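Okay, here's what each chain looks like letter by letter:
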Amino acid sequence: MLFYEVISRKGSKSPENEDYLLIPSSEKFNLNKNGYIFVICDGMGGRNAGEVASRLCTNWFIEDFYSKKCTHDVDVFLQNMIKDIN
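Let us look at the structure shown here. Just so it is clear, the model here is predicted, and its values are computed rather than measured.

### Thoughts on the overall build of the protein
Helices and strands together make up the secondary structure of the protein, namely 3 helices and 2 strands. When the helices and strands of the protein are placed in sequence order, the string is β-α-β-α-α. C-alpha extents for the protein along the principal axes are approximately 40 × 30 × 20 Å. Within the protein, the proportion of its 86 residues that are buried is 24%. Counting only contacts in the protein whose residues sit at least 6 apart along the sequence, the fraction spanning at least 24 positions is 54%. Here the protein has roughly 6400 Å² of accessible surface; of this, 51% comes from carbon and sulfur atoms.

Encoded structure:
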């Protein structure tokens, strides 16, 4: 059984917390393929649709992470994914 705790606070420029967290489910993804990963993206409070951007980036990251196979250094793999999504 997996337990986790998350804390995210709204910034000073937005009335809402625009951060987005995604923990992949084993029903949708083969978690044994690349392992487990939790992703949180900063919503960039004060920007238009920051909550949409953080949700989209988080979803793209998870989709890419489980659709690709890490064949080299994990750090390089994750850095390349982040660059691609940005």
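There is more to say after this.
### Considering the nonpolar core
Counting residues in each nonpolar core, the largest one holds 13 residues, and the members touching the most others are Ile 37, Val 39, Phe 61, Ile 62, Phe 65 and Tyr 66. Listing elements by their share of this core, those giving two or more residues are β2 (39–41), α2 (50–67) and α3 (74–85). When neighbours within four sequence positions are excluded, Tyr 66 is seen to be in contact with Pro 24, Phe 29, Asn 30, Leu 31, Lys 33, Asn 34, Gly 35, Tyr 36 and Ile 37.

### Quick notes on the pattern of salt bridges
If you walk through the whole model with that rule in mind, you get 1 salt bridge. Note that Glu 63 and Lys 28 form a salt bridge whose closest N and O atoms lie 3.1 Å from each other. Taken together, the residues Glu 63 in helix α2 and Lys 28 in the loop between β1 (20–22) and α1 (31–34) connect sequence positions 35 residues apart.

Rules of the game
- Residues numbered from 1 in each chain as written.
- Predicted model: local features only at pLDDT ≥ 70, side-chain atom pairs only at ≥ 80, totals over all residues.
- Heavy atoms only, no water.
- Helix = DSSP H or I, 4+ residues; strand = E, 2+ residues; numbered from the N terminus.
- Buried < 20%, exposed > 50% of the residue type's maximum accessible area, 1.4 Å probe, protein only.
- Contact = heavy atoms within 4.5 Å.
- Areas by Shrake-Rupley, 256 points an atom, 1.4 Å probe, with all protein chains shown as cover.
- Core = buried A, V, L, I, M, F, W, Y, C linked by side-chain atoms within 4.5 Å.
- Salt bridge = Lys/Arg side-chain N within 4 Å of Asp/Glu carboxyl O.

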